[in-house]
Amino acid sequence: MSIETSEIKDYLLALQARIVDQLEAFDGESFHTDSWTRPAGGGGITRVIEEGRFFERGGVNFSHVRGDRMPASATAHRPELAGRRFEAMGVSLVLHPRNPYCPTVHMNVRCFIASADGQPPVWWFGGGMDLTPYYPFEEDVRHFHRTCRDAVLPFGGAAQYQRLKQWCDRYFHLKHRNEARGVGGLFFDDLGADGQTDFDMAFGLTRSVGDAFLPAYLPIVERRRDVVYGERERDFQAYRRGRYVEFNLVFDRGTLFGLQSGGRTESILMSLPPIVKWRYDWQPEAGSPEARLYEDFLPVRDWV
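Note that the coordinates shown come from a computational prediction; the quantities given were computed from them, not determined experimentally.

Visitor: Looking at this structure, how should I read the pattern of salt bridges?
Guide: Two side chains bearing opposite charge may form a pair once their charged atoms approach each other closely. The tally for this structure, following the rule as stated, stands at 25 salt bridges. One salt bridge connects R243 with E179, and the closest N-O pair in it is separated by 2.7 Å. With a gap of 64 residues between them, R243 in helix α6 (residues 231-250) and E179 in strand β8 (residues 179-180) connect regions that are remote in the sequence. R243 sits in the buried class, given a relative accessible area of 5%. Of the charged contacts, one joins K277 and D235 as a salt bridge, the two residues approaching to 2.6 Å between their closest N and O atoms. Of this pair, K277 sits in the loop between α8 (265-268) and α9 (289-297) while D235 sits in helix α6; the two residues are 42 residues apart in sequence, bridging distant segments of the chain. Look at D235 and you get partly exposed, because its relative accessible area is 23%. Through salt bridges with shared partners, one network takes in E139, D140, R223 and R224.

Visitor: I keep staring at the packing of aromatic side chains and nothing clicks. Help me out?
Guide: Each aromatic ring pair is described using two quantities: the centre-to-centre distance and the angle formed by the ring planes. For the coordinates displayed, the defined rule picks out 26 aromatic pairs. Centre to centre, the rings of F26 and F54 are 4.9 Å apart; their planes meet at 85°, and the pair counts as edge-to-face. Linking F26 in helix α1 (residues 5-27) with F54 in the loop between β2 (42-50) and β3 (55-67), this pair joins segments that are 28 residues apart in sequence. F54 carries the same exposure label as F26, and that label is buried. Ring centres of F112 and W124 lie 4.8 Å apart, and the angle between their planes is 10°; on these two criteria the pair is classed as stacked. Taken as a pair, F112 in strand β5 (residues 104-116) and W124 in strand β6 (residues 119-132) lie far apart in primary sequence, twelve residues in all. For W124, a relative accessible area of 4% corresponds to the buried category. The residue whose ring lies beneath K175 is F251, and the NZ or CZ to ring-centre distance is 4.6 Å. Sitting above the plane of the Y244 ring, R181 keeps its charged end 3.9 Å from the centroid.

Visitor: Explanation requested: the layout of surface pockets in the structure shown.
Guide: Estimates place the volume of the largest pocket at around 170 Å³. Around the largest pocket sit H32, D34, T46, V48, E50, R57, R264, E266, S267, L269 and M270, which together line it. Of all elements in the fold, only β1 (32-37), β2 and α8 reach the threshold of two or more residues within the lining of the largest pocket. Sorting elements by how many residues they give to the lining of the largest pocket places β2 first, with three residues. Residues of the lining of the largest pocket, tallied by class, amount to three nonpolar, three polar and five charged.

Visitor: Hey, could you run me through empty space enclosed by the protein in this one?
Guide: The probe, sized like a water molecule, is rolled over the atoms to show the empty space still left. With the rule as written, the count across this model stands at four cavities of 30 Å³ or more. Estimated volume of the largest cavity: approximately 820 Å³. Around the largest cavity, the lining is made up of 42 residues, and of these S92, N108, G254, T255 and F257 lie nearest the centre. In terms of residues, the lining of the largest cavity owes the most to one element, strand β4 (residues 85-97), which gives six residues. Classifying every residue of the lining of the largest cavity by side-chain character gives 18 nonpolar, 16 polar and eight charged. Here the second largest cavity is characterised by a volume of approximately 90 Å³. Residue lining of the second largest cavity: 15 residues in total, with D169, A180, G182, V183 and G184 positioned closest to the centre. A total of three residues in the lining of the second largest cavity trace back to one element, the largest contributor, which is helix α4 (residues 157-171). Of the residues belonging to the lining of the second largest cavity, the class tally is nine nonpolar, two polar and four charged.

Visitor: Quick question: what am I supposed to make of the packing of α6 against α9 here?
Guide: Between two packed helices, both the angle of their axes relative to each other and the distance between the axes serve to describe the pair. The interhelical angle for the contact between α6 and α9, taken along N-to-C directions, is 30°, at an axis separation of 11 Å. Residues R232, F236, Y239, R240 and R243 of α6 touch α9, and the partners they reach there are P289, E290, L293 and Y294.

Visitor: Would you explain the sheet that holds β1 in this entry?
Guide: In a beta sheet, neighbouring strands pair by backbone hydrogen bonds and run either parallel or antiparallel. The seven strands lie next to each other as β1-β2-β3-β4-β5-β6-β9, forming an open sheet whose pairing is antiparallel. On the outer flanks of this sheet lie β1 and β9 (184-191), each paired with one strand and no other. Geometrically, the sheet is characterised by an average inter-axis angle of 5° between neighbouring strands, direction not taken into account. Its contacts with the sheet place helix α3 (residues 138-152) against β5, β6 and β9, and it is angled at close to 30° to β9. Across the face of the sheet, helix α5 (residues 199-224) comes into contact with β3, β4, β5, β6 and β9 while running at roughly 15° to β6.

Conventions we followed
Residues numbered from 1 in each chain as written. Predicted model: local features only at pLDDT ≥ 70, side-chain atom pairs only at ≥ 80, totals over all residues. Heavy atoms only, no water. Salt bridge = Lys/Arg side-chain N within 4 Å of Asp/Glu carboxyl O. Helix = DSSP H or I, 4+ residues; strand = E, 2+ residues; numbered from the N terminus. Buried < 20%, exposed > 50% of the residue type's maximum accessible area, 1.4 Å probe, protein only. Phe/Tyr/Trp six-rings, centres within 6.5 Å; stacked < 30°, edge-to-face > 60°. Lys NZ or Arg CZ within 6 Å of the ring centre and 35° of its normal. 1 Å grid on protein atoms, 1.4 Å probe; cavity = no way out; pocket = protein on both sides within 12 Å on 5 of 7 lines; lining within 4 Å. Points joined across faces, edges and corners; volume = space filled by probe spheres on them. Nonpolar A, V, L, I, M, F, W, Y, C, P; charged D, E, K, R; others polar. Axes fitted to C-alpha atoms, helices over the stretch in contact; angles between N-to-C directions. Contact = heavy atoms within 4.5 Å. Pairing = 2+ DSSP bridges.

Below you can see the structure in the form of structure tokens.
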């Protein structure tokens with residue numbers, strides 16, 4: 001089948017604008033807009049906030065890029081597509097609040113099309129969202145997962161939610177530390193690449209995940225934005241942000257694809273937190289609030 005990309009692009013641009021509008025209203029400061037073009041084909045719109053009233057750094061990116069040859073990160077699981085032309089578009093966001101009682105969050109929705117002369121195009125969707133708290137509240141984590149579940153239920157029921165929830169748990173796992181990055185959420189990729197999935201269903205699921213982001217995240221930070229914190233909490237936040245950096249630079253497929261495809265480095269690496277710390281062999285004190293993150297939240301569990 002031929003793919004009409006204008007409908008996908010229109011949705012993604014509207015999603016970016018809608019999310020930024022609500023985040024600006026919440027923070028009280030404006031996002032900087034940076035439009036860019038890619039010499040090899042395509043471009044994007046980067047929307048970034050730094051040193052806002054609430055967000056220490058945040059970015060909501062739209063990109064639409066094309067190329068003559070698939071990057072290695074995109075063909076690692078599909079070597080039969082190596083050498084094909086590609087077109088990729090998506091919205092990706094990461095938000096790093098200043099308050100350690102407010103979690104970092106990531107969301108991404110994307111579409112990929114691989115083409116070759118004389119062959120039908122191969123298309124697929126991917127995306128998801130996940131929450132990375134520092135001082136978690138159980139009601140917040142349950143709210144996030146309930147919203148994720150409700151977004152997925154119309155597209156395969158409870159079994160689909162469990163599949164995407166477990167996929168997220170596996171994906172956002174730091175293998176070299178045998179540790180979760182956060183408390184998970186949803187993750188999916190290659191939806192449609194098998195040629196058996198209906199386009200409307202795949203696009204519908206992707207839209208539902210994108211549309212669920214604001215109701216999943218904003219109620220959490222609205223509840224926690226005024227929780228009082230001190231240097232101890234900021235110090236632990238900076239230490240745990242190091243795990244975020246490790247995952248994004250070592251494992252994240254989106255980061256690797258962006259760099260390998262000649263994407264805009266500033267837009268790709270805006271996901272990294274502005275203040276980060278590493279310590280040698282640090283362990284939280286038994287019974288401390290920091291230990292509770294490791295004991296009660298990072299181990300994989302069902303939240304809804």
